[in-house]
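# Working through the structure, step by step
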Amino acid sequence: MPSQPIKLGCIADDFTGATDLANNLVRAGMRVVQTIGVPEGNLNAEVDAVVVALKSRTIAPKHAVKQSLNALQWLRGQGARQIYFKYCSTFDSTAQGNIGPVTEALMAALGTDFTIATPAFPDNGRTVFKGYLFAGEGLLNESGMQNHPLTPMNDPNLVRVLQAQCQSKIGLIDYRATAMGADAVRARIAELKGQGVRIAIVDAVSNDDLLRLGPALADMPLVTAGSGVAIGLPANFGLAPTPQASALPPATGLRAVLSGSCSIATNKQVRHFIASGRPALALDPLRIASGQDAAAEALAWAEPNLKNGPVLIYSTAEPDTVKSVQHQLGVDAAGAMVERTLGAIARGLAERGVRQLVVAGGETSGACVQALGITQLQIGPQIDPGVPWCHTNTAHGALHLTLKSGNFGSEDFFTKAFAQLA
Ligand code: ADP
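Residues numbered from 1 in each chain as written. Predicted model: local features only at pLDDT ≥ 70, side-chain atom pairs only at ≥ 80, totals over all residues. Heavy atoms only, no water.

Our focus in this paragraph is the site of the ligand. Neighbouring the ligand are 17 residues, the closest being Ser261, Ser263, Glu339, Glu363 and Thr364. A distance of 2.7 Å separates an oxygen atom of the ligand from a polar atom in the side chain of serine 261. The separation between an oxygen atom of the ligand and a polar main-chain atom of glycine 406 is 2.9 Å. In isolation the ligand offers 580 Å² of accessible surface; the protein chains occlude 83% of this area. Elements represented by at least two residues in the shell around the ligand include exactly α11 (319-329), α12 (331-351) and α13 (362-371). The residue inventory of the shell around the ligand, partitioned by class, reads six nonpolar, nine polar and two charged. (Near = heavy atom within 4 Å. Polar contact = N/O pair within 3.5 Å; in protein donor to acceptor, adjacent residues only side chain to side chain. Areas by Shrake-Rupley, 256 points an atom, 1.4 Å probe, with all protein chains shown as cover. Helix = DSSP H or I, 4+ residues; strand = E, 2+ residues; numbered from the N terminus. Nonpolar A, V, L, I, M, F, W, Y, C, P; charged D, E, K, R; others polar.)

And the structure:
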């Protein structure tokens, strides 16, 4: 166990989702570290919560269960008094899981007979009403998620979706209980338990609902949710929002942006950075495929530019260009090649003194974090909803890093992020 036991232990089923949860906990007053996978030894930081980032959303259920149980064991070893299993706010899951199987395995390991499940995150437009999940203005299955390549969501009724993945009986704590507050939620839980229900979907349409729900969860060994429920938990441990929770060491060194996301928001951010007159270099996947040493060329280009302020190196492109590249190279091969290149550039930039780095793209972030050998991130202040600055130590020294998932962040994100650190 670390010198000071942690309060809350979190298991996240993907990487940028872990950061999103950590960000909400920090804003509600917890000092938080995110680890990449399950650490080998004891935690070496004094914090209130740890978020273990797994990549278990779409792998086979038995592997997801195994990884999650490993994370649970480690978190309990660090003194965690409550466990939070975090999944996507669009309840991303395959027909087999993994939300149901992982939840049931964690319940069994913790010896608990009841938990909740709710992806509600009103700040991001995810609300649950009568057990139905809305993403933005419409139901989940009309939000675009019905076409997701890996986890198509065709049923917005979460009681049904989760029941199909579970042995346990699923029930609903509906809006009437969450609107009335913790006592009403506790009464509803007692009623559901009497009916043999072990997991309950919870309605929540506003942050107030989540804040009222919080106290009712204080004694639950396991909470399962998107990142929204996190806003109501730190108060159960006597913590309130404070700037100290997000304090990071002062930023130094050179600044750079690496962008491998081709999402709509990232395309706008790249255009905005270029329009501001700052140095930017585009990578061409077809040239890389034909043998160009793109990393060496990009680093040679960056070196003289870095001393004048942030530089941008990007493979970000519009959908037609991406499709054409994917058609010629294959979707996976193109993605992996670009990720490898951006990872090598991240390492080269750190070697050249970059100490403030913005990375855009979920998979791209994974590749860069891996290339930099990062295993642990201290979570700092939020730049935009879901995207905080983080701080870590690498072989080349301390690094301020932010990992932006594709569609997050305002148009001026790449310049705003550095201004905030300064
Ligand atoms: P997002 O968070 O926007 O989904 P990701 O980094 O997760 O971004 O995914 C983008 C994927 O697209 C990565 O695998 C990346 O390597 C790949 N990619 C980036 N640029 C290009 C490009 N120009 N052509 C084809 N694939 C690309």
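Having seen the model, we can carry on.
What follows concerns the layout of surface pockets. Any empty space left between atoms is shown by rolling a water-sized probe over those atoms. Of the volumes computed, that of the second largest pocket is approximately 200 Å³. Looking at the second largest pocket, the residues that line it are Val33, Ala45, Pro249, Gly373, Ile374, Thr375, Gln376, Leu377, Gln378, His391, Thr392 and Asn393. Elements supplying a minimum of two residues to the lining of the second largest pocket: β16 (376-384) and β17 (387-394). Grouping the amino acids of the lining of the second largest pocket by side-chain chemistry returns five nonpolar, seven polar and no charged. (1 Å grid on protein atoms, 1.4 Å probe; cavity = no way out; pocket = protein on both sides within 12 Å on 5 of 7 lines; lining within 4 Å. Points joined across faces, edges and corners; volume = space filled by probe spheres on them.)

Attention now moves to α13. For α13, the full list of buried residues reads Thr364, Ser365, Ala367, Cys368, Val369 and Ala371. Residues of α13 that are buried make contact with α1 (15-27), β2 (32-36), β12 (254-259), α12, β15 (354-360) and β18 (397-404). After α13 finishes, the residue glycine 373 shows a positive phi value of roughly 70°. (Buried < 20%, exposed > 50% of the residue type's maximum accessible area, 1.4 Å probe, protein only. Contact = heavy atoms within 4.5 Å.)

Attention now moves to the pattern of salt bridges. Overall, the coordinates contain 17 salt bridges when judged by the stated rule. Residue lysine 193 is joined to aspartate 113 by a salt bridge in which the shortest nitrogen-to-oxygen separation is 3.9 Å. Taken together, the residues lysine 193 in helix α6 (residues 182-194) and aspartate 113 in the loop between α3 (99-110) and β5 (115-118) connect sequence positions 80 residues apart. Judged by its relative accessible area of 41%, lysine 193 falls in the partly exposed class. In this structure aspartate 113 comes out as partly exposed when scored by relative accessible area, which is 43%. A salt bridge links aspartate 155 to arginine 160; the shortest N-O distance between them is 2.9 Å. The exposure class assigned to arginine 160 is partly exposed, which follows from its relative accessible area of 46%. (Salt bridge = Lys/Arg side-chain N within 4 Å of Asp/Glu carboxyl O.)

Mapped onto the elements of the fold, glutamate 191 is located in helix α6. A residue is classified by how much of its surface remains accessible, and glutamate 191, at 43% relative accessible area, is partly exposed. Residues glutamate 191 and isoleucine 173, 18 residues apart in the sequence, show an inter-C-alpha distance of 10.0 Å.

What follows covers the packing of aromatic side chains. All chains considered together, the criterion is met by six aromatic pairs. When the ring of tryptophan 389 is compared with that of phenylalanine 418, the centres are 6.1 Å apart and the planes differ by 50°; the resulting orientation is tilted. One end of the pair, tryptophan 389, is in strand β17; the other, phenylalanine 418, is in helix α14 (residues 413-421), with 29 residues separating them in the sequence. Their ring planes at 80° and their centres at 6.4 Å tell us that phenylalanine 413 and phenylalanine 414 sit as a pair that is edge-to-face. (Phe/Tyr/Trp six-rings, centres within 6.5 Å; stacked < 30°, edge-to-face > 60°.)

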